[in-house]
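Spelled out from the first residue to the last, the chains are:
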Amino acid sequence: MKNQNRKILRTPDRCFENLPGYPFTPHYLECDGLRIHYVEEGPCNAAPILLMHGEPTWSYLYRSMIPILAKAGLRVIAPDLVGFGRSDKFAQEQDYSYAHQVAVFTEFVRKLDLFNITLFCQDWGGLIGLRVVANEPNRFARIIVANTSLPDANTIMARINPVLLRMMVRLQGKVSLDEIGKHATRYSLRPFIRWVAYSKTSEDFPVGDIIQKGTVRTLPSKVLAAYEAPFPDESYKVGIRRMPSLVPTQLKENRKVWKEIFSHWNKPFLTAFSDSDLITRGIEKIFQSRIPGARNQNHVTIQQAGHFLQEDKGELLAQVILNWIPRPHYGFNN
C-alpha cells in the first residue's frame, strides 16, 4: 500500500491545545506508513470498545462518552480516520479511498491485537468499521450501529455508481448547506446527492457549521472551533471533502461482505439510530431485517438527536451501550 509519491500533511500539535472537554493523552500507531492517532482510556487488560467516528468529525465527538465507558471498566479506543483529527492527512484527493481506510484500520486492530471487541460505529465509522469486522470477524464480540449504513447492491444506494453519482452531482450545481436536507423523505437519496455536491463545490468547507447542522442542540463556539482544530487551512480538508464521493465505490465488495459475513452474523447486533437524522433515517430497518444477530434485540431510537447523536445525547448513548453489554464481558481480554 505504501507509495513514495504520497504527500502527507500532519496537523501541528498546537492546534489541539486546550480543547474543551478533551483532556486525553494522544496515542499513535503506524499503519501503512501513516501516523494514526487514537484515544485510549480505561484498564489496558479490559475488554475493548472501539469507537469509530464519521465525516467530518474525529475522536473529539466521543469526549462525553469515553470517561463513562472507561469508568465502567471497559478499555475505550477511539481512533481518528486517515485525513481526520490528529491522524495523518493526504494532500492529494486521489490518495484517499474507501478500501484504503478499511485496510488501515484492519491493520490497526491487528497491531493492537484486540479481541472480544465491541464495535460502536456511526456515519463513515460504520462503512469502514463493518468492513474491518468482515476482515477480522473472530476479533469482534458484538456490534452497535448508529446513523450509518453498509451500502451494497441490495440497498437503495445501488442505484448510484460512481459515474452516475458524478452526473447527478453536476446536475445539482452549487448547493448551500441549508439546502441539503430540504424536502427530504425516508429512503430519499436527495440529501446525500446534495451533500456530495456541497462537499465538491463549496468555497469553504466549514466543519463547525456542518456539525451544528447535524445536531439538535446549539453547540458552544469553543466546541465548534474544536471540530475545526485538525484543519488549520483548506489544504488539510482534502480528505473530508473527498469522503462523501467514495460512498458508492465499494458496492460489489460490500455485497460480498453482506453475503459471506453479515447474512450469517449471529453475534449480538444492536441499532441505536436517532430520531432526527435526514441522511440515514430508516436504514436501521435494513440492519434489523438482514442480520440474524439483530433479531430479538432491544433496538433503541435516541430521541431529540440529529446525525451526530454522540454530540446531542452522548451520555445517554454511553448508558445504552453499558446496559446492553453483558457485565461479565467487562474487565477481561482473552
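Thresholds applied
- Residues numbered from 1 in each chain as written.
- Predicted model: local features only at pLDDT ≥ 70, side-chain atom pairs only at ≥ 80, totals over all residues.
- Heavy atoms only, no water.
- 1 Å grid on protein atoms, 1.4 Å probe; cavity = no way out; pocket = protein on both sides within 12 Å on 5 of 7 lines; lining within 4 Å.
- Points joined across faces, edges and corners; volume = space filled by probe spheres on them.
- Helix = DSSP H or I, 4+ residues; strand = E, 2+ residues; numbered from the N terminus.
- Phe/Tyr/Trp six-rings, centres within 6.5 Å; stacked < 30°, edge-to-face > 60°.
- Buried < 20%, exposed > 50% of the residue type's maximum accessible area, 1.4 Å probe, protein only.
- Lys NZ or Arg CZ within 6 Å of the ring centre and 35° of its normal.
- Axes fitted to C-alpha atoms, helices over the stretch in contact; angles between N-to-C directions.
- Parallel < 35°, antiparallel > 145°, perpendicular 65-115°, else oblique.
- Left-handed = near helix turned anticlockwise from the far one by under 90°.
- Contact = heavy atoms within 4.5 Å.
- Core = buried A, V, L, I, M, F, W, Y, C linked by side-chain atoms within 4.5 Å.
- Pairing = 2+ DSSP bridges.

Visitor: What is the right way to read empty space enclosed by the protein from this model?
Guide: One simple way to see leftover space: roll a probe sized like a water molecule over the atoms. In total, this model carries one cavity of 30 Å³ or more according to the counting rule given. Each pocket or cavity is described by its volume, and for the largest cavity that value is around 40 Å³. What lines the largest cavity is L50, M52, F105, F108, V109, L119, G129, V132 and F140. Elements represented by at least two residues in the lining of the largest cavity include exactly β4 (48-52), α2 (98-111) and α3 (124-135).

Visitor: Teacher, can you tell me more about the packing of aromatic side chains here?
Guide: By convention here, two paired aromatic rings are described through the distance between centres and the angle between planes. Tallied over the entire structure, the rule returns 17 aromatic pairs. Ring plane angle 85° and centroid distance 5.2 Å describe the contact between Y22 and F24, whose orientation is recorded as edge-to-face. Comparing Y22 with F24 shows no difference in burial state: the two are buried. Among the aromatic side chains, those forming a connected cluster through ring pairs are F16, Y22, F24, W58, Y60 and Y227. Over the ring of Y28 we find R35; its NZ or CZ atom is 3.8 Å from the centre of that ring. Here R139 stacks its cationic end above the ring of F115, 4.4 Å away from the centre of that ring.

Visitor: So what exactly am I meant to see when it comes to the packing of α2 against α3 here?
Guide: Packed helices, taken two at a time, are described by their axes: the angle between them and the distance between them. Interaxial distance between α2 and α3 falls to 9 Å at its minimum, and their mutual angle equals 60°. The angle between α2 and α3 places the two elements in the oblique class. Crossing handedness for the pair α2 and α3: right-handed. Touching Y98, Q101, V102, F105, T106, V109 and R110 of α2 are W124, L127, I128, R131, V132 and N135, all from α3.

Visitor: Explain the nonpolar core here, please?
Guide: Within the largest apolar cluster, 105 residues are counted, with the highest numbers of intra-cluster contacts made by L69, F105, F108, I128, L130 and F262. When near neighbours in sequence (up to four residues on either side) are disregarded, L69 contacts I49, L51, L74, V76, A318, I321 and L322.

Visitor: I'm lost on the pairing of strand β7 (residues 117-122) in this one. Help?
Guide: Regular strands show a simple pattern: their side chains alternate between the two faces of the sheet. Judged by how many residues are buried, β7 sits mostly within the fold: six of six residues are covered. Burial of β7 is two-sided: the residues I117, L119 and C121 facing one way and the residues T118, F120 and Q122 facing the other way are all buried. When β4 meets β7, the two strands line up parallel, connected through four bridges. Within the sheet, the bridge partner assigned to L51 lies in β7 and is F120. Relative to strand β8 (residues 140-146), β7 runs parallel, the two being bridged by six bridges. Along β8, the bridge assignment pairs I117 with F140.

Visitor: Sorry, what's going on with unusual backbone geometry here?
Guide: A negative phi angle is the norm for most residues apart from glycine, just as the trans form is the norm for most peptide bonds. In this model, E55 is joined to P56 through a cis peptide bond whose omega is -5°. Tracing the sequence through the fold places P56 in the loop between β4 and α1 (66-71). Non-glycine residue D32 carries a positive phi angle of around 50°. Secondary-structure assignment places D32 in the loop between β2 (27-31) and β3 (34-41). Here D32 falls in the buried class, since its relative accessible area comes to 5%. At N147, a residue that is not glycine, the phi angle is positive and equals roughly 50°. Looking at the secondary structure, you find N147 in the loop between β8 and α4 (162-172). What makes N147 buried here is its relative accessible area of 0%.

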